[in-house]
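# Examining the three-dimensional arrangement
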Amino acid sequence: MPIVNKSDIAEYDVHPIVHRMHHSNSTGIIHDEIGNVILIKNEWLHHFIEQLESLVNSTLARRLAHSSLTYWSKIDYSKWTPRPGVFRKPGVKQMTQSFEKWAHHRTLIGRGIVTPINWPYSFHIERPLMVSLEVGEVCSYLQYLLGKSLRYQWRDDGGSNASITFEEINFPINQEKQHSIEDGYPSDLTLNIDNGISWPTRDGIPISVIPTKIFFEFYNTLKELPSPKIDDPLIETNELVNETDHIVCMASVNACSSEDQRYLIDDYDQLKSWFINRVESNGYGKLNSATDFDSDLSISFEAYVPWPIVTGIILDAWQRNNGMLGMICLKSIEGNNIQISIKSRREIA
């Protein structure tokens, strides 16, 4: 493994991503380079993927890498493009310098440092968020630089180091239109990003910035898997719900299990406060209304990631507040507008 020079890992009085992100009333948090994003605890993301893999009894790393590559291949990399000379294309030195600047820039959204070992076919990643997610990002930018399609493989030690290798393949590069970035506007939502080194944290806990469309692409690939049998579903079965919704909601609830805090959501003001702090300020969705706190809680919200993820987070908070297991009933789904109710199943022993 190469020795990574940490001398260029800057410290900031205000973390740079604070100035790069804005709030949109219709789509949540927008990063001015990569579009709609969520802020996610690294630990929660790892638990979520682990829970999904356990529920479907299959590894999902390739699907996650595919979803990442699909999204990042449509991003505008022009600001990182090396400038060619008057009569020639960019040389290897120019391309590697551009790659290294781009690789360091990724740490600002919570990614590992990528170092070339054998340019452009093998690389080392130090402190990867999740190797399968990062492989898609690295592959997309490398394809952009080289103008060639690549196949990837990776190995990791399950911790702070990973390696990626690439080989050229005879396949047309995706030339789809780049993602459009919606304009946001200043709001009173607080990102609460710690000051300090490049990797973002909140209250000392590592977090990452992930485009929401990666989650939608990943969610769609899960529908290709054989439907697992759910013995104790968390969502009432009806014509609006499929098996993928069940497993994603269950994985979301289970991923919250590492949190030890009990939430108070006994009335609308408490629910609204919790929703802003846990859901809206992280870009997952926005609360529209809530009623019937004394019986089956009804909630209407907008989801900026697949709705079962948001529903799982809500259900976990409801169960912690009430000391009972809950059941979700999906009342309606129109675009990103979701209406659910929650009723008790049985008391927790």
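Scroll up to find the structure this text is about.
Now for a look at the structure at hand. Here the structure is a predicted model, which means the values were calculated and not measured. (Residues numbered from 1 in each chain as written. Predicted model: local features only at pLDDT ≥ 70, side-chain atom pairs only at ≥ 80, totals over all residues. Heavy atoms only, no water.)

### Comments concerning the overall build of the protein
Scanning the protein for helices and strands turns up nine helices and 15 strands. Counting all 349 residues of the protein, 51% fall into the buried class. Taking the intrachain contacts of the protein between residues at least 6 apart in sequence as the baseline, contacts between residues at least 24 apart amount to 66%. Approximately 17100 Å² of the protein is accessible, and the part contributed by carbon and sulfur atoms is 48%. (Helix = DSSP H or I, 4+ residues; strand = E, 2+ residues; numbered from the N terminus. Buried < 20%, exposed > 50% of the residue type's maximum accessible area, 1.4 Å probe, protein only. Contact = heavy atoms within 4.5 Å. Areas by Shrake-Rupley, 256 points an atom, 1.4 Å probe, with all protein chains shown as cover.)

### Considerations on helix α7 (residues 243–255)
The first and last C-alpha atoms of α7 sit 18 Å apart over 13 residues, in line with the 18 Å expected at 1.5 Å per residue. Buried residues dominate α7, accounting for 11 of its 13 residues. Here α7 has its buried residues at Thr244, Asp245, His246, Ile247, Val248, Cys249, Met250, Ala251, Ser252, Val253 and Ala255. Packed against the buried residues of α7 are α2 (42–56), α6 (212–222) and α9 (307–322). Where α7 begins, one side-chain oxygen reaches toward the backbone nitrogen of threonine 244, 3.0 Å away; that side chain belongs to asparagine 242. (Expected span 1.5 Å × (residues − 1). Polar contact = N/O pair within 3.5 Å; in protein donor to acceptor, adjacent residues only side chain to side chain.)

### Considering the sheet that holds strand β3 (residues 28–31)
Across a sheet, paired strands are connected by hydrogen bonds in the backbone, their directions being either parallel or antiparallel. Taking strand neighbours across the sheet as the criterion, the five strands line up as β2-β3-β4-β11-β10 in an open arrangement whose pairing is antiparallel. Every other strand in the sheet has two partners, leaving β2 (21–24) and β10 (201–202) as the edge strands with one partner each. Where β10 lies against strand β11 (residues 205–211), two bridges are found, and the strand directions are antiparallel. Within β11, the position partnered with arginine 202 by the bridge is isoleucine 205. Across the face of the sheet, α2 comes into contact with β4 (35–41) and β11 while running at roughly 90° to β4. Contacting β4 and β11, α6 runs over the sheet at an angle of about 75° to β11. (Pairing = 2+ DSSP bridges. Axes fitted to C-alpha atoms, helices over the stretch in contact; angles between N-to-C directions.)

### What about the nonpolar core?
Phe99 and Trp274 are the most contacted members of the largest nonpolar core, which has 99 residues in total. Setting aside residues no more than four positions away along its own chain, tryptophan 274 makes contact with Tyr263, Ile265, Val279, Ile313, Ile314 and Ala317. (Core = buried A, V, L, I, M, F, W, Y, C linked by side-chain atoms within 4.5 Å.)

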